[in-house]
Amino acid sequence: MSERTAAGSAAIEGAVAQAGDNLAAGTGAGAGAGIDAGAAGGAGAGTMLQAVNLTRRFGGLAAVNRVSIDLHRGEVHAVIGTNGAGKSTLVNMLSGELPPSDGTIRLGAHDITGWSQPRRARAGIGRSYQRTNIFGELSVFENARLSAQAAHQRAWACWESARACTISGRSAAEAIAAAGLTDHAERVAGSLSHGGKRQLEIAMCLATRPQVLLLDEPLAGMGAEETERMLALLAELKRDHAILLIEHDMDAVFRIADRITVMVNGEVVATNVPAAIRTDPVVRTAYLGEDA
Ligand SMILES: Nc1ncnc2c1ncn2[C@@H]1O[C@H](COP(=O)(O)OP(=O)(O)O)[C@@H](O)[C@H]1O
Ligand SMILES: [Mg+2]
């Protein structure tokens, strides 16, 4: 697990990149936010994020090949597949960290395929990383506040800093409460348990006030009790969010997911409700490793 140091931090870089993005777009913080769910052409009611035929090639390898996926508010949509199936690459394209080689991404009514990661974050796409990504020497609260600032503050507008500070402090406090970390707010983040650090990552994501949560293996390395706490948190969060969950623990996936997409070698082999995935002969041979 890698923890970041405050110096040269990605959150600060994010804030600066976002400022440049705002300037380039000629817009203020928060511009472009506000997603009209279900207004996207072709997407069903409640669809927040929709990818169509998303493809990413690395040299000759199609890490993600013509993947289509819809994320709906009120749903946990799990993406499963063996290591190297293309799950993280898919998330990196949805979050804006990696440009697709081909395909389209819509957020509500907007085609966001060409949008930068900071612009997508401002518009409501939050993510957590497969590897823990916190500032170990800062407090839990400061970690969440930095995230909120990166999403909302206009870094060059120094006259706004007091107001922005109040807003980001409030976002951070709400996010910490939602992630169940209020009792640990003043603790040094590096002293949290592994599960606590993953909860903090969710809090950092929530501090940006997202509508879509892209969670890359948030249960990885957790004990049974920590897993239960995280599953309860996700069940709570899905009421107001569209959640994409990458996860290897099949017990957890089949308990929490409303829909499951199965990826093999960069391609989707099935998307369905858990009961149908469990009995799908293609999935059983391709992924669960059983004879059909
Ligand atoms: N930046 C990259 N450059 C080259 N190959 C990559 C890169 N990122 C991922 N890959 C390759 O793409 C495939 C899918 O990787 P990844 O999306 O990380 O899979 P998963 O998250 O399902 O384990 C793997 O073969 C991986 O080696
Ligand atoms: Mg991965």
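Cut-offs applied
Residues numbered from 1 in each chain as written. Chains lettered and ligands numbered in written order. Predicted model: local features only at pLDDT ≥ 70, side-chain atom pairs only at ≥ 80, totals over all residues. Heavy atoms only, no water. Helix = DSSP H or I, 4+ residues; strand = E, 2+ residues; numbered from the N terminus. Buried < 20%, exposed > 50% of the residue type's maximum accessible area, 1.4 Å probe, protein only. Contact = heavy atoms within 4.5 Å. Areas by Shrake-Rupley, 256 points an atom, 1.4 Å probe, with all protein chains shown as cover. Pairing = 2+ DSSP bridges. Phe/Tyr/Trp six-rings, centres within 6.5 Å; stacked < 30°, edge-to-face > 60°. Lys NZ or Arg CZ within 6 Å of the ring centre and 35° of its normal. Axes fitted to C-alpha atoms, helices over the stretch in contact; angles between N-to-C directions. Near = heavy atom within 4 Å. Polar contact = N/O pair within 3.5 Å; in protein donor to acceptor, adjacent residues only side chain to side chain. Nonpolar A, V, L, I, M, F, W, Y, C, P; charged D, E, K, R; others polar.

The secondary structure content of the protein chain amounts to 10 helices and 10 strands. A total of 292 residues make up the protein chain; the buried ones form 51% of that total. When contacts within the protein chain are restricted to residue pairs at least 6 apart in sequence, long-range pairs at least 24 apart make up 70% of them. As displayed, the protein chain offers around 12300 Å² of accessible surface, 51% of which is attributable to carbon and sulfur atoms.

What follows is about the environment of Ser88. Along the chain, Ser88 turns up in helix H2 (residues 87-95). Ser88 gets classed as partly exposed once you look at its relative accessible area, which sits at 23%. Counting along the chain gives 126 residues from Ser88 to Leu214, while the straight-line C-alpha distance between them is 9.9 Å.

Sheet topology places strand E9 (residues 259-264) next to strand E10 (residues 267-272); 5 bridges connect them, and they run antiparallel. Bridge assignment links Val264 to a residue of E10, and that residue is Glu267. Linking E9 to E10, which pair antiparallel, is a turn of 2 residues; within it Asn265 sits at a positive phi near 50°.

With that settled, consider the packing of aromatic side chains. Counted according to the given criterion, the structure contains 0 aromatic pairs. Arg119 extends its terminal NZ or CZ atom over the ring of Trp115, reaching a point 3.9 Å from the ring centre.

In this section: the sheet that holds strand E4 (residues 102-107). The strand order across the open sheet formed by 4 strands is E2-E1-E4-E5, and the pairing between neighbours is antiparallel. Each of the sheet's edge strands pairs with one partner strand only, and the pair in question is strand E2 (61-72) and strand E5 (110-111). As defined by bridge partners, strand E1 (residues 47-58) adjoins E4 across 5 bridges and the pair is classed as antiparallel. In the sheet register, Thr55 faces E4, and the bridge partner there is Asp102. Of the strands in this sheet, E1, E2 and E4 are in contact with H2, which crosses E1 at around 120°.

Turning next to the site of ligand 1. All residues in the neighbourhood of ligand 1 are listed as Phe58, Leu61, Ala63, Thr82, Asn83, Gly84, Ala85, Gly86, Lys87, Ser88 and Thr89. One of the backbone N or O atoms of Gly84 is found 2.7 Å from an oxygen atom in ligand 1. At 3.0 Å, a backbone N or O of Gly86 approaches an oxygen atom of ligand 1. Isolated, ligand 1 exposes 570 Å² of accessible area, and the fraction of that covered by the protein chains is 58%. Considering each element in turn, the shell around ligand 1 owes the most residues, 3 residues, to H2. Of the residues assigned to the shell around ligand 1, the class counts are 4 nonpolar, 6 polar and 1 charged.

Moving on: unusual backbone geometry. Unlike most non-glycine residues, Glu217 shows phi in positive territory, near 55°. Within the secondary structure layout, Glu217 lies in the loop between strand E7 (212-216) and helix H7 (224-237). With phi around 50°, Asn265 is a residue other than glycine that occupies positive phi space. Structurally, the position occupied by Asn265 is in the loop between E9 and E10.

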